[in-house]
Amino acid sequence: MIAMSETGRKFGRADHVLTATLLTILFGTALLLFYSDLWGLSDAGLVALLVIPAALGGLTVQFADPNGSKSMLGCIGFVTLGLGIIFLLTYLANIEGLICIAMLFPLWIPAAAVGALVNRWNAGEARKQGRTRLMSAGWVIVPLALLAAEQRIPPEWNSWEVSREIEIEAPAKTVWPLLINIPAISSDEGTFNLTQDILMVPRPSEAKIQRESDGLIRKAQWGENIRFKEVVTGFEKGTMLSWNFRFPDDSVQQYTDRHISPDGDKLKIISGRYEIKQMGNNRSKLALTTRYKMRSHMDLYLGLWGDLLLGDVQANILHIIKMRAENSSGEHRVAGDRISSLYTSTDLLLALGTP
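Residues numbered from 1 in each chain as written. Predicted model: local features only at pLDDT ≥ 70, side-chain atom pairs only at ≥ 80, totals over all residues. Heavy atoms only, no water.

### Looking at the pairing of strand β4 (residues 226–236)
Now for step 1: The pairing of strand β3 (residues 215–222) with β4 spans six bridges and is antiparallel. In the sheet register, I217 faces β4, and the bridge partner there is V231.
Now for step 2: Inspection of the sheet shows β4 paired to strand β5 (residues 240–246) by seven bridges, in the antiparallel sense. By the bridge assignment, G234 is partnered in β5 with S242.
Now for step 3: Linking β4 back to β5 in an antiparallel pair, the connection comprises three residues, with G238 at a positive phi of about 80°. (Pairing = 2+ DSSP bridges. Helix = DSSP H or I, 4+ residues; strand = E, 2+ residues; numbered from the N terminus.)

Below, the structure written as structure tokens:
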């Protein structure tokens, strides 16, 4: 037994065991977070989002306050500052993107605080009772139990839908051509939002439709490097345009966040749809809907982020269309009608393989 007093205690063998255990758990769970697909694990969501920060919180307080004498706010401040530094370093080292960091932060801070406060409480009890702290077993059992539970109950695919709409002071016939082609989008078009201005997701640059061997394809580009395709699946001229997404390369991951694949084994962005409703002689409403599916033990939490991220992108696109439709000159409207006329009902039906 290590000699103790009411005001202080030697940092002894049990403390080193605890520290080593926490480091091992932190490192092992980090491997699950980054390499779970290589190990064939279905989903490490709870472990990655809750256990890593709890262990990190306990570890931080173990080093900063081995006697558990600091205040609760002091413990929380230690772990918050520590996590902030870690997030900054992982971003600067290009290990994590801003999207993943933003998703982790609201869960990691409370979880780390819980780990820190549990460690603080145990240190205080040990000081009062004149014993050493034996937290190793708890820090090992909890993550293993969570991981075992996750593997016994693999997450199922769930479908999600995100939709935004906007009213436009222009008739549907003026809006419709902008759904087919919207070229040369400048950097100052659109609205300020969290996703594209804070989390740095590139803004759209252009979208144009063209015929390919498998039908009509609407090619979209975000920024200078992100490219994907929208395969037209249906339309009603002046009213509706729908498509399925196709991602021919990994440019979305490369220039947003490498952990987020739009066509991976955890997330699949499936389809999109524009709908125009005529509201009056010179007024219309445009809605944009995106469907996707996702599987995760944290799907409700991640679904909130999906609504925010995709909703920001949709709102920005709708605002660009609104501004162009409302500010288009007569010459531009004629040009738009000319573009639209290139894709007649018969032409589109043939391209879609409809007799």
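### Focus on the pattern of salt bridges
Now for step 1: With the rule as written, the count across this model stands at 14 salt bridges.
Now for step 2: Close ionic contact of K285 with E165 constitutes a salt bridge, the shortest N to O distance being 3.6 Å. With K285 in strand β7 (residues 283–294) and E165 in strand β1 (residues 158–168), the pair connects residues that are 120 residues apart, well separated along the chain.
Now for step 3: Here R283 makes a salt bridge to E169, at a shortest N to O gap of 3.4 Å. Taken together, the residues span a long stretch of sequence, with R283 in strand β7 and E169 in the loop between β1 and α6 (172–180) at a distance of 114 residues.
Now for step 4: Judged by its relative accessible area of 29%, R283 is partly exposed.
Now for step 5: Using a relative accessible area of 43% as the deciding quantity, one classes E169 as partly exposed.
Now for step 6: Connected via shared salt-bridge partners are E167, E169 and R283. (Salt bridge = Lys/Arg side-chain N within 4 Å of Asp/Glu carboxyl O. Buried < 20%, exposed > 50% of the residue type's maximum accessible area, 1.4 Å probe, protein only.)

### Topic: the sheet that holds β3
Now for step 1: Strands sit in the order β1-β7-β6-β5-β4-β3-β2 across an open sheet of seven strands; the sheet is antiparallel. Of all the strands in the sheet, the pair left with one neighbour each is β1 and β2 (204–212). The mean angle between the axes of side-by-side strands here comes to 25°, regardless of whether they run parallel or antiparallel.
Now for step 2: Pairing geometry for β1 and β7, over 11 bridges, is antiparallel. The residue bridging N158 from the neighbouring strand is M294, located in β7.
Now for step 3: Lying on the sheet, helix α9 (residues 299–327) is in contact with β1, β2, β3, β6 (267–280) and β7; it crosses β1 at an angle near 25°. (Axes fitted to C-alpha atoms, helices over the stretch in contact; angles between N-to-C directions. Contact = heavy atoms within 4.5 Å.)

### Overview of the side chain of S271
Now for step 1: Assignment of secondary structure puts S271 in strand β6.
Now for step 2: You can call S271 buried: its relative accessible area is 11%.
Now for step 3: Contacts of S271, omitting those with residues within four sequence positions, involve W243, N244, F245, T289, T290 and R291.

### Focus: unusual backbone geometry
Now for step 1: A positive phi is found at A184, a non-glycine position, where the angle reads about 45°.
Now for step 2: Counting through the fold element by element, A184 comes out in the loop between α6 and α7 (194–198).
Now for step 3: The residue M200 is not glycine, and still its phi comes out positive at about 65°.
Now for step 4: When you line up the elements, M200 lands in the loop between α7 and β2.

### A word on the side chain of S284
Now for step 1: The residue S284 is located in strand β7 in this model.
Now for step 2: Accessibility expressed as a relative area gives 1% for S284, which makes it buried.
Now for step 3: A distance of 2.8 Å separates the side chain of S284 from the backbone oxygen of A170, its partner in a polar contact.
Now for step 4: Non-local contacts of S284, meaning those with residues more than four positions away in its chain, are made with I166, E167, I168, A170, P171, A172, V175, I276, K277, Q278 and M279. (Polar contact = N/O pair within 3.5 Å; in protein donor to acceptor, adjacent residues only side chain to side chain.)

### Examining a nonpolar patch on the surface
Now for step 1: Among the surface-exposed residues, F192, L194, I198 and L308 lie close enough to one another that they form a single nonpolar patch of about 370 Å² accessible area.
Now for step 2: Relative to the elements of secondary structure, F192 occurs in the loop between α6 and α7. (Patch = residues over 30% accessible without salt bridge, like charges linked within 9 Å, V, L, I, M, F, W, Y side chains within 5 Å. Areas by Shrake-Rupley, 256 points an atom, 1.4 Å probe, with all protein chains shown as cover.)

### A word on the confidence of the model for the protein
Now for step 1: Chain-level pLDDT for the protein is 79 on average; 77% of the residues reach the 70-or-more range.
Now for step 2: In this model, residues 330–347 is a region of pLDDT below 50 whose contacts with residues beyond four sequence positions or in other chains number 22 contacts.
Now for step 3: Confidence drops under pLDDT 50 across residues 349–355; counting only partners more than four residues distant or on other chains, this segment forms nine contacts. (pLDDT = per-residue confidence, 0-100.)

### Observations regarding the environment of Q210
Now for step 1: Residue placement: Q210 occurs in strand β2.
Now for step 2: Among the residues examined, Q210 registers a relative accessible area of 30% and is labelled partly exposed.
Now for step 3: When the C-alpha positions of Q210 and I180 are compared, they lie 9.3 Å apart, and in sequence the two are 30 residues distant.

### Considerations on the environment of I166
Now for step 1: Tracing the chain through its elements places I166 in strand β1.
Now for step 2: Overall, I166 belongs to the buried group, its relative accessible area being 18%.
Now for step 3: When neighbours within four sequence positions are excluded, I166 is seen to be in contact with S284, K285, L286, L318, H319 and K322.

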